[in-house]
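Chain and residue survey
These are the residues of each chain, in order.
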Amino acid sequence: MTTAIEPGKGGLRAYLTAEVSNSPTQASLQRLYFGCRRFAENPLAMIGLGILVVLLLVAIFAPLIAPFPMNEQNLGRRLLPPSGAHWFGTDELGRDIFSRVVYGSRITLQITLLVASIAAPIGLLVGTVSGYFGGWTDTVLMRITDIFLSFPGLILALAFVAALGPGIRNAVIAIALTVWPPIARLARAETLTVRSSDYIAAIRAQGAPAWRIVVKHVMPMCLSSVIIRITLNMAGIILTAAALGFLGLGAQPPMPEWGAMLSTGRQYLLGSWFLAAAPGIAILVVSLGFNLFGDGLRDVLDPRDE
Amino acid sequence: MSVTDVNQPRETISRRPEASKIPPWAWDAWRIVSSVAVTLLGLLALTFFIGRMLPIDPVIAIVGEQADASTYDMVYKQLGLDKPLYVQFLYFMGDMLRGEFGNALFTGNKVSADLMRVFPATIELATIAITIGVFVGIPIGVLAAVYRGSPIDHFARIIGLLGYSVPTFWSGLMGLVLFYAILGWVGGPGRLDVFYIDIVDRVTGLLLVDALIAGEWEVFQNAVSHIVLPASILSFNAIAFISRLTRSFMLAQLSQEYILAARVKGLSKWKVIRKHAFRNIAVQLLTIVALAYAILLEGAVVTETVFAWPGFGRYLVSGLLAGDMNAVLACVLIVGIIFVSINLICDLLYRILDPRTK
C-alpha cells in the first residue's frame, strides 16, 4: 500500500493510512492520526479546540494584545461604557476592562494548570498504590477518597480556603484537594485491570520491588486516562476558581482575575452592567471551550457512548 | 459534579461469607450501617483536621490580643487544647453529634440556632429549583433521545453544555440587570420587598407556605416574584444535568428489543415510550434527581450570595469572610451529612423500587 501519489506529503499520508503497519511506532502514529481525524470531524470539538488555542495565544501575547497596561488607572475616565477606545468599557478606577480580561486569561490558565499538576499526581499515586497493593491499604485509601467525595467540591474548597486563608495560592491548593479523589478512583480501576497481566507477573518474577513496579510499570498505563479525566475537569476547576474569586476568597484585587473582577462589578451592577458582563463572558467562553474539547476527546477515545 | 460517576456501579465493600447463617438482609443492613458509620467518622475527622489547620490561634480569637497569660491559660484549658489530639477529637465528635456547634462570633447566636433559622430559606429555593429542573430537564432529555440527531437533540446538547459552563454568579447578576432593573418583571434581591417583611408569622420558615397559612395573598405574590429568578438561575445546572442523563438512560432503553417487540405488537410510539421505556428509567431518574438536589446545595452558596438570599449558603460565606470557624465547620459537616444521606437514600430506593437489583 505504499503507492506514493505525491512525493513527500503523499508518502506521509500513505504511511499513516497503510492497512498493515510495519513497526510499533507506525502503529501508534496511525492510531494518533485516526484519532485526530475523528476529532476533526466533530465540529463542536473543533470549536472547543479553537477556543483553547485562542486562550493560549491571548495568554502568551497578552502585553501585545492589551491596548493598556492592566493596572493603569485613569480616574478621569472611570465607568465608561464600551466604546472604540475601550472595547469593554472602563472600571471603577478607570482601568481598561478589555486589557484586564486579556491579562486575566494568564491567571485562569495558570490556576487550571497548577491545579491539574497538583491533583493529577496525588490522584495517580493514591489510585495506583491502592489498586496495586489491595487489602487494607486499598480499604483505607479508598475510604479516605470516599470521604473527600462526599462533600460537594465548592463547599470543600471553601472550607480549605477558610483554614488556609484567602488568596490565589491557597485557592489553588484548596481546589486541588477537591479534584484528586475522582482521579484516584479512576487510576485504581485502571490499576486493577493492569495488575493481573502477564508482564507485571514477569517483572515481579524478576524480583523488582513493589514501588518500582508501581512507578515504572503501572503508572504509565494509567497516565492517558488520568490526563483525559483532568481535561474533562478543567471547566469545573475554572468555575470553582472563579467562584472563589467572586466570593472574595480566591485571587484578591487588584489582580485581574475574572471572578474577582465580577465581584467588583457587582457593586456597580445597576449603573454599569458592563463591568460584570465582560469577565463573566470570558469565564463562560473558556469553560465552554474546555467542555466542548473534553466532550470531543471522550468521543474519540471512548466510543462506547455513541 | 461529573456525570460519569453516576453510571459507575457502586462497589460492594465486602462479600457475605458463603457458609454463614446470617440472613442476607441482616448482612446488607450491617454493611450499610457500618459504611455510614465509617463515612460519618471520616467526615468528622476531616472537619476536625480542617479546623486544626487554622493559622489563627483559637484562644486569641476568643480572649483577644490584650489578654494576660492567666486568662490565656484558662481558656486554653477550657478549650481542651492541653489534652492529646485524640482526646480533643473525641470532645469534638461528642459536641458535633449532640449538635453543639458552639457560638457563631459574627452573629452572636448559637450556630445551631442560626442554622435552624437559615436552612428553610435554602430548602425553599432548592425545592423550587429542582421542580423547575425536573419539569424542564426530563422532557428535554426524553425528546432528545426519541428524536436523536434532530434539532431538538442539538438544542438539548447546547442546553447541557451551557448549563455546565455558565458561571451562576454571572448569569444571576445579568438576570438581575435584565429582569429586575430593566424589565421589572421580578422582585429584586432578598426574599421580600422591605414593606412586606415581618407581616407573616414564621411557622415553617418556608415563606411561601407561611404566607399561605396566614392567608396573606399579597405577601405570597411578592415572595413568588422574588424567588422566581434565583430559583431559575439555580435550576439551570440541574436542567443540564437531568436532561443529559435522561437522554442517555432513554437511549439505552430505546435500543433494546422489548421496545421493538412492543412496537411490532402495534402499540403507538408514544405509548411505548411512556408505558415501557420511561417506566424502566424512572428509578434511575429518581436517584439522579436526588443527586441533583444535593448538588443544588453547592450552587446555592453562590446564588444566595448574588441574590442576598438569607439562606444557608450566604450564612456559610459570611462565616468564611468573618473567619468564624465554628459556623463554617458546622455548615461543611452538615452539607457532608446531607450528601451522604441522599446517596444512602438513593441506594436504598434503588434496592426497594427496582426489582432488577434483587
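Keep in mind that this is a model prediction, so the values were computed, not measured. (Residues numbered from 1 in each chain as written. Chains lettered and ligands numbered in written order. Predicted model: local features only at pLDDT ≥ 70, side-chain atom pairs only at ≥ 80, totals over all residues.)

The helix and strand tally for chain A stands at 12 helices and zero strands. Oriented by its inertia axes, the alpha-carbon framework of chain A measures out at about 75 × 60 × 30 Å. Split into buried and exposed, the 306 residues of chain A put 43% on the buried side. Long-range contacts, defined as pairs at least 24 residues apart, comprise 64% of the intrachain contacts of chain A with a sequence gap of at least 6. (Helix = DSSP H or I, 4+ residues; strand = E, 2+ residues; numbered from the N terminus. Buried ≥ 20, exposed ≤ 12 C-beta atoms within 10 Å, placed from the backbone. Contact = placed C-beta atoms within 7 Å.)

This part is about the overall build of chain B. Secondary structure summary: chain B contains 14 helices and zero strands in total. Walking chain B from its N terminus toward its C terminus, one meets helices and strands in the order α-α-α-α-α-α-α-α-α-α-α-α-α-α. Taken along the three principal axes of its C-alpha coordinates, chain B extends 85 × 70 × 40 Å. By the burial criterion, 37% of the 358 residues in chain B qualify as buried. Counted over contacts in chain B with a minimum sequence separation of 6, partners at least 24 positions apart contribute 70%.

This part covers the interface of chain A and chain B. Listed by partner, the interface residues are 41 residues for chain A and 41 residues for chain B. Partitioned by chemical class, the residues of the side of chain A that touches chain B number 30 nonpolar, eight polar and three charged. (Nonpolar A, V, L, I, M, F, W, Y, C, P; charged D, E, K, R; others polar.)

As a further point, take the packing of helix 7 (residues 153-164) of chain A against helix 10 (residues 210-246) of chain A. Residues and elements named next belong to chain A. Direction vectors running N to C along helix 7 and helix 10 enclose 45°, while the axes themselves pass 11 Å from each other. Accordingly, the angle class assigned to the pair helix 7 and helix 10 is oblique. Helix 7 and helix 10 meet at a crossing whose hand is right-handed. Taken together, the residues of helix 10 that come into contact with helix 7 (itself represented by Gly-153, Leu-154, Ala-157 and Val-161) are Gly-236, Thr-240, Ala-243 and Leu-244. Each residue belonging to the contact of helix 7 with helix 10 can be placed in one class, and the counts come to five nonpolar, three polar and no charged. (Axes fitted to C-alpha atoms, helices over the stretch in contact; angles between N-to-C directions. Parallel < 35°, antiparallel > 145°, perpendicular 65-115°, else oblique. Left-handed = near helix turned anticlockwise from the far one by under 90°.)

What follows concerns unusual backbone geometry. Residue Pro-254 of chain A is bonded to the preceding Pro-253 of chain A through a cis peptide linkage, with omega at 5°. Topologically, Pro-254 of chain A is positioned in the loop between helix 10 and helix 11 (258-267). For Ala-308 of chain B, which is not glycine, the phi dihedral falls at a positive 50°. On the secondary structure map, Ala-308 of chain B appears in the loop between helix 12 (269-306) and helix 13 (312-321). Assessed through the 12 C-beta atoms surrounding it within 10 Å, Ala-308 of chain B is described here as exposed.

Right, let's get into the packing of helix 6 (residues 111-146) of chain B against helix 12 of chain B. Residue and element names in this part refer to chain B. Two elements in contact, helix 6 and helix 12, have axes whose closest approach is 9 Å; the angle formed by their N-to-C orientations is 140°. For helix 6 against helix 12, the interelement crossing comes out right-handed. In this structure, helix 6 contributes Thr-122, Leu-125, Ala-126, Ala-129, Ile-130, Gly-133, Val-134, Ile-138 and Val-146 to the contact, and helix 12 contributes Ile-273, Leu-285, Val-289, Ala-292, Tyr-293, Leu-296, Leu-297 and Ala-300. Split by residue class, the contact of helix 6 with helix 12 holds 15 nonpolar, two polar and no charged.

As a further point, take the confidence of the model for chain B. Residues and elements named next belong to chain B. Of the residues in chain B, 92% have a pLDDT of 70 or more, and the chain-wide mean is 83. Per-element confidence in chain B ranges from a low mean pLDDT of 42 for helix 1 (residues 4-7) to a high of 92 for helix 6. Note on residues 1-13: pLDDT is under 50 here. Beyond four places in sequence and across chains, it has 14 contacts. Overall fold confidence (pTM) sits at 0.85, and the ipTM for the predicted complex is 0.82. (pLDDT = per-residue confidence, 0-100.)

A common way to state how big an interface is: give the accessible area lost once the parts meet. Residues and elements named next belong to chain B. Domain boundaries in chain B define domain 1 (32-98) and domain 2 (113-357). Between the C-alpha centres of domain 1 and domain 2 there is a distance of 35 Å. The partner domain 2 presents nine residues to the nine residues of domain 1 that form the contact. Tallying contributions element by element places helix 2 (residues 24-52) first for the side of domain 1 that touches domain 2, with six residues. By residue class, the composition of the side of domain 1 that touches domain 2 is six nonpolar, three polar and no charged. (Domains from an automatic or database assignment.)

Our next topic: helix 12 (residues 274-301) of chain A. Helix length check: helix 12 of chain A (28 residues) gives 40 Å between terminal C-alpha atoms against 40 Å at 1.5 Å per residue, within 8%. Most of helix 12 of chain A sits out of view: 21 of its 28 residues are buried. (Expected span 1.5 Å × (residues − 1).)

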